[in-house]
Amino acid sequence: NKIMSTKTIKHCCIGLILFTIVLLSIICIYKCYCKLDEKELFSSSKYHSLSKNEKLQDYLEGKDAVLVAVLAPWCGHCKNMKKQKLLQEVGKQEHVVELDDKHPDSKNVMKEVDSKGFPTLCIFTQGKLFPYDGERTAEAIKKTFMSRPK
């Protein structure tokens, strides 16, 4: 009887170890192919602040449309947008990525949409950046997303 219980325990342990290995493999594969981090995996927000190590193109890849915002920490309008959490509000429904003015990709974004000031807002769709010069409200930006070129 003791031998039987020892074998049963061994089988349960082996089963648990195999289950854990399979589960961890699935999570790793999912994270690698979807390029998600833990925050994105468990968050319903589509807002993302791009770190200096991340490339804008990698974030845009596979997304239909993204609001791209280049902000400067010294800019009064940018500070106001942050205080109002405008980008996070838009990010509840639409993909939003924020870059600061020192990010390596910020100059390219501003050049592509011919912007010389802050904040620079543009919409990435159809593989291109389109300048956004509408009202700086979450409602107006969401409305623009609804009427964007498809």
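Whatever comes next refers back to the structure up there.
Residues numbered from 1 in each chain as written. Predicted model: local features only at pLDDT ≥ 70, side-chain atom pairs only at ≥ 80, totals over all residues. Heavy atoms only, no water.

Chemist: Describe the nonpolar core, listing the residues and the values that go with them.
Modeler: Among the nonpolar cores identified, the biggest contains 19 residues, and Leu67, Leu87, Leu121 and Ile141 are the most heavily contacted of them. For this core, the secondary structure elements donating two or more residues are strand 2 (65–71), helix 4 (76–84), helix 5 (86–90), strand 4 (120–125) and helix 7 (138–146). Contact partners of Ile141, with chain neighbours within four places excluded, come to Leu67, Leu86, Val90, Leu121, Tyr132 and Glu135. Listed in part, the 15 residues of the second largest apolar core include Val97, Leu99, Met110 and Leu129. (Core = buried A, V, L, I, M, F, W, Y, C linked by side-chain atoms within 4.5 Å. Buried < 20%, exposed > 50% of the residue type's maximum accessible area, 1.4 Å probe, protein only. Helix = DSSP H or I, 4+ residues; strand = E, 2+ residues; numbered from the N terminus. Contact = heavy atoms within 4.5 Å.)

Chemist: With reference to specific residues and values, describe the pattern of salt bridges.
Modeler: Scanning the model with the defined rule gives six salt bridges in all. Across the pair Lys92 and Glu89 runs a salt bridge whose closest N-O atoms are separated by 3.1 Å. A relative accessible area of 57% places Lys92 in the exposed class. Assessed through its relative accessible area of 28%, Glu89 is described here as partly exposed. A salt bridge links Asp114 to Lys116, with the nearest nitrogen and oxygen atoms 3.3 Å apart. Exposure class is identical for Asp114 and Lys116. Each is exposed. The structure contains a network of salt bridges with shared partners spanning Glu89, Lys92 and Lys142. (Salt bridge = Lys/Arg side-chain N within 4 Å of Asp/Glu carboxyl O.)

Chemist: Go over the packing of aromatic side chains, please, and point to the residues and values.
Modeler: Any two aromatic rings considered together are summarised by their centre-to-centre distance and by the angle between their planes. Using the criterion set out here, one finds one aromatic pair in the structure. Ring geometry for Trp74 versus Phe118: centroids 5.5 Å apart, planes at 85°, classification edge-to-face. A residue pair is termed long-range when its members are at least 10 positions apart, and Trp74 in the loop between strand 2 and helix 4 and Phe118 in the loop between helix 6 (106–112) and strand 4 qualify at 44 residues. Relative accessible area serves as the criterion here: at 56%, Trp74 is assigned to the exposed category. (Phe/Tyr/Trp six-rings, centres within 6.5 Å; stacked < 30°, edge-to-face > 60°.)

Chemist: Give me the pairing of strand 5 (residues 128–131): which residues, what numbers.
Modeler: Both strand 4 and strand 5 contribute to a ladder of four bridges, which runs antiparallel. Residue pairing across strands places Ile123 opposite Phe130, the latter belonging to strand 5. Taking the residues that link successive antiparallel strands as the turn, the strand 4-strand 5 hairpin has two residues, and the phi of Gln126 there is positive, at about 55°. (Pairing = 2+ DSSP bridges.)

Chemist: Could you give an account of the sheet that holds strand 3 (residues 95–100), naming the residues involved and the relevant values?
Modeler: Strands pair in a sheet through their backbones, by hydrogen bonds, and they do so in one of two ways: parallel or antiparallel. On the basis of which strands lie adjacent, the open sheet formed by five strands has the order 1-3-2-4-5 and mixed pairing. On the outer flanks of this sheet lie strand 1 (47–49) and strand 5, each paired with one strand and no other. This sheet shows a mean twist of 25° between the axes of neighbouring strands, independent of strand direction. Judged from the six bridges that link them, strand 2 and strand 3 form a sheet pairing that is parallel. Paired with Val70 across the two strands is Leu99, which belongs to strand 3. The strands that helix 7 touches are strand 2, strand 3 and strand 4; relative to strand 2, the one it contacts most, it runs at about 140°. (Axes fitted to C-alpha atoms, helices over the stretch in contact; angles between N-to-C directions.)

Chemist: Can you break down helix 7 residue by residue, with the values?
Modeler: Burial in helix 7 covers these residues: Ala138, Ala140, Ile141, Lys142 and Phe145. Of the surrounding secondary structure, the elements contacted by the buried residues of helix 7 are strand 2, helix 5, strand 3 and strand 4.

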